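Close look at the chain arrangement
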Amino acid sequence: MKAGLIYEIESVKPHAPGHEYKVFWETMAQIELADRLGFDSVWTVEHHFLSEFSYCSAPEVFLACVSQRTKRIRIGHGVVVLPFNHPVRVAERIAVLDIMSNGRVEFGTGRATSMAEILGFGMQPQDTRPRWTEAVEMIPRMWREDPFSHRGQYWTVEPPVSVIPKPIQKPHPPMWVAATNPATFALAGERGLGVLCFTLGVALQDVAPRIALYREKIRDARPAGLTINNQVSMNIMGLIGDDAGETEELARDSILWYVRRGFEIVSTVAKATPSDQTYSYLSSAAKFDPDQITGDYYSFLKEDDLIAVGGPDQALRVARRYREIGADQVLFFMQYGRIPHERIMRSLELVGRQVLPEIQSWPTAGAITEIGAAPR
């Protein structure tokens, strides 16, 4: 099993002067430590206009810096929001990052879940899924076809051009898609993409059948690229400390803040798109009431193993539960709310030294298969 980190890059009010500078360089220090400790990967989101919740609006720039300050940790886009980015520019950026990282890129894709972002880029919610679909099929073609041309619903690349450079991973970096609702799990399987589960707040008993659906669909995949990435990644939000009780007291309010803000963000799409079936999974968010996100909700998250807070045994227990329902990779999410940098660094040390070795010894079913080649 693989274990990594995922970042929104958050900075919660009240903001001190230089808070943006501080959070980026603290995040870099955490990633450098994770590289030394043996974490398998680090992933960053792409978000725009979401004050406090995420300052990671240019992940391609930040990850390029990460590539030069680390040695072995794999570098993941979790995710590139394809509707907001021209596919040619995405293909170019991923290829350059793959070259400069010496072949460490993981290419995650997605489509946006906030109205601020969708409208801010001059789009409509109903166009995000077809834009993603067109782009995710164009990009791997650019890495294998030279010259490349395309005439589609949203993008046209004519006359034929050479999209350069090409990535050094062959046939191309592993491809993934962010998934919450069952339809996207099925789509990921059908297109041979790894699935990045963004399912915080969804009971594990409801996540398990989505993973099973993914495994069923990927058996007959028609891959978007030249590989079938049969892997499931799940996020573990939490904090690990030396004193379990004190760690829980520190983490509780920040976890509840993150959940409230997350529901608030996605509820904007749910309320604006009541008839859009591709966003129908957010219907419960349309009824969002921040007053419901209380200590009782925290207890639900902990009792259902949706978070890992306390000592290293908590991280191991939750990771084991995720493996049991089908995860091949877990991504620890520790930088959120008002958790101090020093406590995140200590959490990383504890997970790296006391949790990672056991997790990484567990076998999983996931594999990447090149079309016409054996699984690897």
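The structure under discussion appears in the preceding block.
Now for a look at the structure at hand. (Residues numbered from 1 in each chain as written. Predicted model: local features only at pLDDT ≥ 70, side-chain atom pairs only at ≥ 80, totals over all residues. Heavy atoms only, no water.)

**Section: the pattern of salt bridges**
For clarity, the threshold we go by: Any carboxyl oxygen of Asp or Glu within 4 Å of a side-chain nitrogen of Lys or Arg constitutes a salt bridge here. Runs of H or I in DSSP of at least four residues are treated as helices and runs of E of at least two as strands, each being numbered from the N terminus. Here's how the labels work: a residue is buried when its accessible area is under 20% of the maximum for its type, exposed when over 50%, partly exposed in between, all with a 1.4 Å probe on protein chains only.
Counting across every chain of the model gives 17 salt bridges. Residue E248 pairs with K302 through a salt bridge whose shortest N-O separation is 3.0 Å. In this pair, E248 sits in helix α8 (residues 244-272) while K302 sits in helix α9 (residues 295-303), placing the two residues 54 residues apart along the sequence. Assessed through its relative accessible area of 17%, E248 is described here as buried. Among the charged side chains, a salt-bridge network with shared partners connects D242, R346 and E349.

**Observations regarding a nonpolar patch on the surface**
What counts here: Within the patch definition used here, like charges are joined within 9 Å and nonpolar side chains (Val, Leu, Ile, Met, Phe, Trp, Tyr) within 5 Å, considering only residues with over 30% relative accessible area and no salt bridge. Values of accessible area rely on a 1.4 Å probe in the Shrake-Rupley scheme; residue burial ignores everything except the protein chains shown.
A cluster of nonpolar side chains, contributed by V96, I99, M100 and I168, occupies part of the molecular surface with about 320 Å² of accessible area. Note that I168 resides in the loop between β6 (156-161) and β7 (175-179).

**Some words on helix α3 (residues 87-100)**
Definition in use: Each residue after the first adds 1.5 Å to the expected span of a helix. Whether two residues are in contact is decided by their heavy atoms, any of which lying within 4.5 Å being enough.
Compared with an ideal rise of 1.5 Å per residue, which puts 14 residues at 20 Å, α3 spans 20 Å between its outermost C-alpha atoms and is within 8% of the ideal. Against the buried residues of α3 lie α2 (59-69), β3 (74-81), β4 (105-110), α5 (128-144) and β6. N102 occupies a position one or two residues after α3 and carries a positive phi of about 60°.

**Let's talk about the packing of α8 against α9**
Note the following rule: Throughout, an axis means a line fitted to C-alpha atoms (over the contacting stretch in the case of helices), and angles, computed between N-to-C directions, take values from 0 to 180 degrees. Each angle is binned into one of four classes, with values under 35 degrees roughly parallel, values over 145 roughly antiparallel, values of 65 to 115 roughly perpendicular, and all other values oblique.
In the contact formed by α8 and α9, the axes pass within 10 Å of each other and the chain directions differ by 100°. Our classification of the angle between α8 and α9 gives roughly perpendicular. Counted together, E248, R252, I255, L256, V259 and F263 of α8 and G295, Y297, Y298, L301 and K302 of α9 form the full contact between these two elements.

**Description of the pairing of strand β10 (residues 232-240)**
Consecutive side chains along a regular strand alternate between the two faces of the sheet. For clarity, the threshold we go by: The criterion for strand pairing is that DSSP finds at least two bridges linking the strands in question.
Here β10 lies mainly inside the structure; 8 of its 9 residues are buried. Direction of pairing for β10 relative to strand β12 (residues 329-333): parallel, over a ladder of 5 bridges. Counted as the bridge partner of M234 is V330 from β12. Two elements, β10 and strand β11 (residues 307-310), share 4 bridges in a ladder whose sense is parallel. Bridging across to β11, I240 finds its partner in G310.

**Side note on the packing of aromatic side chains**
Centre distance and the angle of the planes are the two values used to describe a pair of aromatic rings. This is how the line gets drawn: Here a pair means two rings of Phe, Tyr or Trp (six-membered ring of Trp) with centres within 6.5 Å. Their orientation is stacked below 30 degrees between planes, edge-to-face above 60, and tilted elsewhere. Definition used: whenever NZ (Lys) or CZ (Arg) falls within 6 Å of the ring centre and also within 35 degrees of the ring normal, the charge is taken to sit over that ring.
Enumeration over the complete set of coordinates arrives at 12 aromatic pairs. When the ring of F53 is compared with that of Y258, the centres are 5.0 Å apart and the planes differ by 20°; the resulting orientation is stacked. Linking F53 in the loop between β2 (41-44) and α2 with Y258 in helix α8, this pair joins segments that are 205 residues apart in sequence. Accessibility classification places F53 together with Y258 in one group, the buried group. Seen in terms of ring centroids, F107 and W143 are 5.8 Å apart; in terms of plane orientation they differ by 70°. Their pairing is edge-to-face. With F107 in strand β4 and W143 in helix α5, the pair connects residues that are 36 residues apart, well separated along the chain. Here F107 matches W143 in class, with each residue buried. A connected cluster of aromatic rings, assembled from ring pairs, spans F53, Y258, F333 and Y336. When the ring centre of W155 is taken as reference, the NZ or CZ atom of R131 above it lies at 5.3 Å.

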